[in-house]
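# Structural features, examined
Each chain is listed here by its residues.
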Amino acid sequence: MIDPSATRILIADDDDDARRLVVKYLTVKGFVVSTAEDGSEACRRFFSEDPDLVLLDVNMPELDGWSVLEEIRAASSVPVIMLTVLDSANYKVKGFAAGADDYITKPFDLMELEARIRAV
């Protein structure tokens, strides 16, 4: 079983409300959470903080989620869950082909998100 207090999660999402909601929920569940508001910050935090898992939005300023995922995959096999409004099968397939471990579309259920985090 995963120990939330030992699991560091980086949330990269430019949507303040969504980011705050996920941070609050995961923090209450005992996870250690950090955030990034754009793709460039996500890359900086990923390489400086060495998180155990990344929740990654696709539509972000600076670098989009696809570019961030490419940077992560060039250096690491850390689990990455795409968390985005892009819900067509083509985007999901693109995410998995690019190395995402899971793909969740917004809006989403927080309990399901937690279950998927624990699964990867």
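Our subject is the structure listed above.
Residues numbered from 1 in each chain as written. Predicted model: local features only at pLDDT ≥ 70, side-chain atom pairs only at ≥ 80, totals over all residues. Heavy atoms only, no water.

## Re the overall build of the protein chain
Broken down by element type, the protein chain carries five helices and five strands. Along its sequence from the N terminus, the protein chain presents helices and strands in the succession β-α-β-α-β-α-β-α-β-α. Relative to a compact globule of 120 residues, whose C-alpha radius of gyration would be 14 Å, the protein chain shows 13 Å and is just as compact. In terms of overall dimensions, the protein chain has C-alpha extents of about 30 × 30 × 25 Å along its principal axes. Across the 120 residues in the protein chain, those meeting the buried criterion constitute 44%. Counted over contacts in the protein chain with a minimum sequence separation of 6, partners at least 24 positions apart contribute 60%. Approximately 6100 Å² of the protein chain is accessible, and the part contributed by carbon and sulfur atoms is 50%. Once the 13 positive and 23 negative side-chain charges of the protein chain are each reduced to a mean point, those two points are 4 Å apart. (Helix = DSSP H or I, 4+ residues; strand = E, 2+ residues; numbered from the N terminus. Rg over C-alpha atoms; globule rule 2.2 N^0.38 Å. Buried < 20%, exposed > 50% of the residue type's maximum accessible area, 1.4 Å probe, protein only. Contact = heavy atoms within 4.5 Å. Areas by Shrake-Rupley, 256 points an atom, 1.4 Å probe, with all protein chains shown as cover. Lys, Arg positive; Asp, Glu negative; His and termini not counted. Charge placed at Lys NZ, Arg CZ, Asp CG, Glu CD.)

## Quick look at helix H5 (residues 110–119)
Where H5 is concerned, the buried positions are Leu110, Leu113, Glu114 and Ile117. Down the axis, H5 shows its buried residues gathered within 100° of arc, on one side only. The exposed set on the far side of H5, more than 90 degrees from its buried face, consists of Met111 and Ala119. Where H5 is buried, its residues touch strand S1 (8–12), helix H1 (16–28), strand S3 (53–56), strand S4 (80–84) and strand S5 (102–105). Where H5 begins, the side chain of Asp109 points an oxygen toward the backbone nitrogen of Met111, at a separation of 2.9 Å. (Arc of directions from axis to C-beta. Polar contact = N/O pair within 3.5 Å; in protein donor to acceptor, adjacent residues only side chain to side chain.)

## Overview of the side chain of Asp102
Along the chain, the position of Asp102 falls in strand S5. According to the relative accessible area criterion, Asp102 is buried, its value standing at 12%. Not counting residues up to four positions away in its chain, the partners in contact with Asp102 are Val80, Ile81, Met82, Phe96 and Arg116.

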